[in-house]
Amino acid sequence: RNSILEAAAREMAADANLFMTGLGFLEDEIDMVRNTYRNLKDYAGRYFQRRKRPSPLPAFVVASGPSIDNDLEFLRANADRAIVISCGTSLRILLRNGIVPDFHMEMENVPAVADLMNRLSASFSLKDVNLIASSTVDPGVKPHFDRVIFYFRAGLASFPMFSPAAATNIPQGLPTVSNLGLSFAQQIGCRTICLFGVDLGARDPKKHHAKDAPYNAGELEFNTVIDEPVPGNLGGTVYSEMIYLWSRDTMQDVIQQEGPNLTYYNCSDGVRILGTTPKLSRTISSPPVSDKKKIVAEVLARFDDYTPDMFAKSWVDRNVVLDVRAFQKKLLECCLPLRRAGAIKRRQSPRIELDYMHRVVRALVPPKDTTPEVHYFRGTMFMSMIGAHFYLTRVHDPKKHRAVGRIIKEEFIKVIGVIADRVIEFYRELDPEKIAADEAKVNKILGKSLRRLKTALAPRRSKGGQSTRARTPTRRPARQAPRSKKAPPRRQPPKNKKRPSPKAVRGPARRRR
């Protein structure tokens, strides 16, 4: 028994829902790449780069929690003394109350964000707002802003495919846009950061957002159940839920990582966030600033232009079909059976039946930088393996156990092919001519070997139509030279030793009767 492993197991069991939430799935990854492709194809703007320089202004990070209604008057009076950062739907709240943020943060890839911007731009001018957005946001968001800075979200297929450099992501900018606003304030060098409306819950679960938030107007749906009691920032009990608590934990981590040199004031009447000082907005004093526009322009000057050559390197010059087929081939090779030394017991364990999955996991969790293909396959494959292990371990009859194991492997191999075909079909939707040329090259390079591998792994059918174990090439261990079967040498007597006389060998003579 190992106390450390047992403690880790308890932690994982407690946060099991978060592990499942963070896996990601194929269609989500496709949506992210599709939006990034469309945002960058003809993009003439800038992209985010991590270049920390101290800023003389504090940052006001504003979200849409219900307590923001109490601080709108303070924000209106002090907006010219700080860098105001709006997060998601809080942009509408600020504009309706006469406050124009310096930076607006967006990360969601859903069309609802573009619809919201359409309605906002019809009533308010967004020309003085600088958009900081993930490259994966809906392409309908970008046209409403004069100045756009895209960052590249790490952990998605779009990052290794389109990011022009390594430091183009905003660290710990998940899972909510409030996390993104806090991390951005840190990255631009603000030494004092004040949180407004970052409630991550509510004292009254029925009042989950601010008065002017689009959720209360029926423009956006909010179906989340807020029912988990947690300590409040200004005392008492506040109600929260899984994603909000994940957001709180991530904020606490990023605050701790930045060290004690920054000051954080939490003016929200919501969830308590460790590392921040609870503070009422009326007790905050900020000195006047002579030229705030110059400071904001200095922040914008840190970010480089995204060029057409960068897009060409990411898409035009890369054979994306070859990348997908090569990774498919790698996973299929993991499914080939290994030849084992010695006989295997007739009743096999789940570990033996699913040993090929161990090799697949190693391919899906590479030790170095990941590729887009890893992200396409990983979420769906992991969930398939979890389900396979769950059901196989509940089949105890040896004969049925082996039969179920074979069925699982057949379906597992099919899933690999389905994912690869779906990704290439998606690429074809983006750029039909390029993909047709890429496929022709791939057929010459990989076509024969991939077909041979698929044939080897295909199940053979008996006369009754049931699948049988196919004869497949095996990954054999190195052979050892066979031992020669020579007869053992005759035993020779020692050299310097007298042979016994025949009489001594026969022993004493028998006495006659």
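Residues numbered from 1 in each chain as written. Predicted model: local features only at pLDDT ≥ 70, side-chain atom pairs only at ≥ 80, totals over all residues. Heavy atoms only, no water.

> Describe the sheet that holds strand E11 (residues 277-278), naming the residues involved and giving the relevant values.
If you trace the ten strands from one edge of the open sheet to the other, you get E11-E10-E7-E2-E3-E4-E5-E6-E1-E12, paired in mixed fashion. The open sheet terminates on both sides in strands that have one partner only, identified here as E11 and strand E12 (304-305). Here helix H10 (residues 292-300) sits on the sheet in contact with strand E1 (46-47), strand E3 (83-87), strand E4 (103-106), strand E5 (130-134) and strand E6 (147-151), set at roughly 40 degrees to E4. (Pairing = 2+ DSSP bridges. Helix = DSSP H or I, 4+ residues; strand = E, 2+ residues; numbered from the N terminus. Contact = heavy atoms within 4.5 Å. Axes fitted to C-alpha atoms, helices over the stretch in contact; angles between N-to-C directions.)

> If you had to explain the state of the cysteines to someone new, which residues and values would you point to?
In the structure shown here, the tally under the stated rule is zero disulfides. There is no disulfide at Cys267, and the cysteine sulfur nearest it, in Cys194, is 5.3 Å away. Classification of Cys267 by relative accessible area gives buried; the value is 5%. (Disulfide = S-S within 2.5 Å. Buried < 20%, exposed > 50% of the residue type's maximum accessible area, 1.4 Å probe, protein only.)

> With reference to specific residues and values, describe the environment of Arg81.
As for its position among the elements, Arg81 is in the loop between helix H4 (72-78) and E3. Residue Arg81 is classed as partly exposed on the basis of its relative accessible area, which comes to 27%. Not counting residues up to four positions away in its chain, the partners in contact with Arg81 are Leu57, Pro58, Ser286, Pro287, Pro288 and Val289.

> Quick one: what's the story with the environment of Thr283, residue by residue and with numbers?
With respect to the secondary-structure elements, Thr283 resides in the loop between E11 and H10. Here Thr283 falls in the partly exposed class, since its relative accessible area comes to 44%. When the C-alpha atoms of Thr283 and Cys267 are compared, they prove to be 9.8 Å apart, with 16 residues separating the residues in sequence.

> Would you mind going over the packing of helix H12 (residues 320-334) against helix H18 (residues 447-457) in detail, with residue names and values included?
At their nearest, the axes of H12 and H18 sit 10 Å apart, and the two run at 30 degrees to each other. Between H12 and H18, the angle falls in the class roughly parallel. Where H12 crosses over H18, the handedness of that crossing is left-handed. In this structure, H12 uses Arg325, Gln328, Lys329, Leu332 and Glu333 to contact H18, whose residues at the interface are Ser449, Leu450, Leu453, Lys454 and Leu457. (Parallel < 35°, antiparallel > 145°, perpendicular 65-115°, else oblique. Left-handed = near helix turned anticlockwise from the far one by under 90°.)

> Summarise H12; cite the residues concerned and give the values.
The first and last C-alpha atoms of H12 sit 22 Å apart over 15 residues, in line with the 21 Å expected at 1.5 Å per residue. What H12 keeps buried is the set Val320, Val321, Val324, Arg325, Phe327, Gln328, Leu331, Leu332 and Cys334. The residue sitting at the N-terminus of H12 and contributing the capping side-chain oxygen is Asn319; that oxygen lies 3.3 Å from the backbone nitrogen of Val321. (Expected span 1.5 Å × (residues − 1). Polar contact = N/O pair within 3.5 Å; in protein donor to acceptor, adjacent residues only side chain to side chain.)

> Which residues make up a positive patch on the surface, and what values do they have?
Together, Lys448, Arg451, Arg452 and Lys454 make up a region of like positive charge exposed at the surface. Mapped onto the secondary structure, Lys448 falls in helix H18. Relative accessible area serves as the criterion here: at 58%, Lys448 is assigned to the exposed category. (Patch = residues over 30% accessible without salt bridge, like charges linked within 9 Å, V, L, I, M, F, W, Y side chains within 5 Å. Areas by Shrake-Rupley, 256 points an atom, 1.4 Å probe, with all protein chains shown as cover. Salt bridge = Lys/Arg side-chain N within 4 Å of Asp/Glu carboxyl O. Lys, Arg positive; Asp, Glu negative; His and termini not counted. Charge placed at Lys NZ, Arg CZ, Asp CG, Glu CD.)

> How would you explain the pattern of salt bridges if you had to name every residue and give the values?
Counted by the stated rule, this structure contains 17 salt bridges. A salt bridge links Glu258 to Lys52, with the nearest nitrogen and oxygen atoms 2.7 Å apart. Here Glu258, found in helix H9 (residues 242-258), pairs with Lys52, found in the loop between E1 and strand E2 (59-62); they are 206 residues apart in sequence, far enough to count as distant. For Glu258, a relative accessible area of 23% puts it in the partly exposed group. Since its relative accessible area comes to 44%, Lys52 is described here as partly exposed.

> Hey, could you go over the packing of helix H8 (residues 177-187) against H9 for me, with residue numbers and the actual values?
For the pair H8 and H9, interaxial distance at closest approach is 10 Å and the crossing angle is 10 degrees. By the angle class used here, H8 and H9 are roughly parallel. Residues Ser178, Asn179, Leu182, Ser183, Gln186 and Gln187 of H8 lie in contact with H9, whose contacting residues are Ser247, Thr250, Met251, Val254, Ile255 and Glu258. Taken together, the residues that form the contact of H8 with H9 break down as four nonpolar, seven polar and one charged. (Nonpolar A, V, L, I, M, F, W, Y, C, P; charged D, E, K, R; others polar.)

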